[in-house]
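Listed below are the residues making up each chain.
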Amino acid sequence: QVQLVESGGGLVQPGGSLRLSCAASGGTFSSFAMGWFRQVSGKEREFVAAINRGGSMTWYGDVTEGRFTISRDNAKNTVYLQMNSLKPEDTANYYCAAQVVGRGSSDYNAYEHWGQGTQVTVSS
């Protein structure tokens, strides 16, 4: 059973930075493509970023505007999302997801395993 646990969320002022982490267990992490999505209550889940198994390829949603960076450390079974220049509209619950078959996708239906999410609030 693959388990994903996000951490690193919190309250940050506009213009600030946060680094989210997602620790995986129960599977072969290096064989999974990984993604980050976000969701505001009452709205659809939104693609943020994805990374392939080896970390050589990354994709970003339009929402990142070049401010976010996804990375992974397969030795630590962890994927990261570095978020800079945060805006109030980045406020959401951020989820990491694992895709067992595939190289990464912007489609949340392509991911088989999900974490519980970590809340990010950008406010002064």
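Residues numbered from 1 in each chain as written. Predicted model: local features only at pLDDT ≥ 70, side-chain atom pairs only at ≥ 80, totals over all residues. Heavy atoms only, no water.

Novice: Can you help me understand the overall build of the chain in this one?
Specialist: A tally of regular secondary structure across the chain gives 0 helices and 11 strands. When the helices and strands of the chain are read in sequence order from the N terminus, they spell out β-β-β-β-β-β-β-β-β-β-β. Scaling as 2.2 N^0.38, a compact globule of 124 residues should have a C-alpha radius of gyration of about 14 Å, and the chain matches this with 13 Å. Along the first, second and third principal axes, the C-alpha atoms of the chain reach 40 × 30 × 25 Å. Intrachain contacts of the chain at a sequence separation of at least 6 include 57% that bridge at least 24 residues. Total accessible area on the chain stands at roughly 6,200 Å², and carbon and sulfur atoms take up 44% of it. When the 10 basic and 10 acidic side-chain charges of the chain are each reduced to a single mean position, those positions are 6 Å apart. (Helix = DSSP H or I, 4+ residues; strand = E, 2+ residues; numbered from the N terminus. Rg over C-alpha atoms; globule rule 2.2 N^0.38 Å. Contact = heavy atoms within 4.5 Å. Areas by Shrake-Rupley, 256 points an atom, 1.4 Å probe, with all protein chains shown as cover. Lys, Arg positive; Asp, Glu negative; His and termini not counted. Charge placed at Lys NZ, Arg CZ, Asp CG, Glu CD.)

Novice: Help me out: how do you make sense of the pattern of salt bridges in this one?
Specialist: Close approach of charged atoms allows side chains with opposite charge to pair. Under the criterion given, the structure shown has 5 salt bridges. A salt bridge links Glu65 to Arg67, with the shortest nitrogen-to-oxygen separation between them at 3.4 Å. Linking Asp90 and Arg67 is a salt bridge whose minimum nitrogen-to-oxygen distance equals 2.7 Å. Linking Asp90 in the loop between strand 8 (78-83) and strand 9 (92-99) with Arg67 in the loop between strand 6 (58-60) and strand 7 (68-73), this pair joins segments that are 23 residues apart in sequence. The same class applies to Asp90 as to Arg67, namely buried. (Salt bridge = Lys/Arg side-chain N within 4 Å of Asp/Glu carboxyl O. Buried < 20%, exposed > 50% of the residue type's maximum accessible area, 1.4 Å probe, protein only.)

Novice: How should I be thinking about the environment of Gln1 in this particular structure?
Specialist: Positionally, Gln1 belongs in the segment before strand 1 (3-7). In contact with Gln1, not counting residues within four places along its chain, are Ser25 and Gly26.

Novice: What's the story with the state of the cysteines in this structure? I'm lost.
Specialist: What we call a disulfide is simply a covalent bond connecting the sulfur atoms of a pair of cysteines. In total, this model carries 1 disulfide according to the counting rule given. The disulfide bridge from Cys22 ends at Cys96, spanning 1.9 Å between sulfur atoms. Taking the sign of the torsion about the S-S bond as the criterion, the disulfide between Cys22 and Cys96, at about 40°, is right-handed. Of the two residues, Cys22 sits in strand 3 (residues 18-25) while Cys96 sits in strand 9, which places them 74 residues apart along the sequence. Judged by relative accessible area, which is 0%, Cys22 ranks as buried. (Disulfide = S-S within 2.5 Å.)

Novice: What am I meant to see in the nonpolar core here?
Specialist: What tends to happen in soluble globular proteins is that the nonpolar side chains get buried as a cluster. Counting residues in hydrophobic clusters, the biggest one holds 26 residues, and the most contacted among them are Leu4, Met34, Trp36, Val79, Leu81, Met83 and Tyr94. Within the residue set of this core, elements represented by two or more residues are strand 3, strand 4 (33-39), strand 5 (46-51), strand 7, strand 8, strand 9 and strand 11 (118-122). Ignoring anything within four residues of it in the chain, the contact list for Leu81 reads Leu18, Arg19, Leu20, Trp36, Val48, Ala49, Phe68, Thr69, Ile70 and Tyr94. Core analysis: the next-biggest nonpolar cluster, separate from the first, contains 5 residues, Phe37, Phe47, Ala50 and Ala97 among them. (Core = buried A, V, L, I, M, F, W, Y, C linked by side-chain atoms within 4.5 Å.)

Novice: Can you help me understand the side chain of Glu6 in this one?
Specialist: Counting through the fold element by element, Glu6 comes out in strand 1. Arg45 is the oppositely charged side chain nearest to the buried, salt-bridge-free Glu6, at an N-O distance of 7.6 Å. Within polar-contact distance, the side chain of Glu6 engages the backbone nitrogen of Gln116 at 3.1 Å. Of note is the side chain of Glu6, whose polar atom sits 2.9 Å from the backbone nitrogen of Gly117. For Glu6, the residues in contact, after removing those within four places along its chain, are Ser21, Cys22, Trp36, Tyr94, Tyr95, Cys96, Gly115, Gln116, Gly117 and Thr118. (Polar contact = N/O pair within 3.5 Å; in protein donor to acceptor, adjacent residues only side chain to side chain.)

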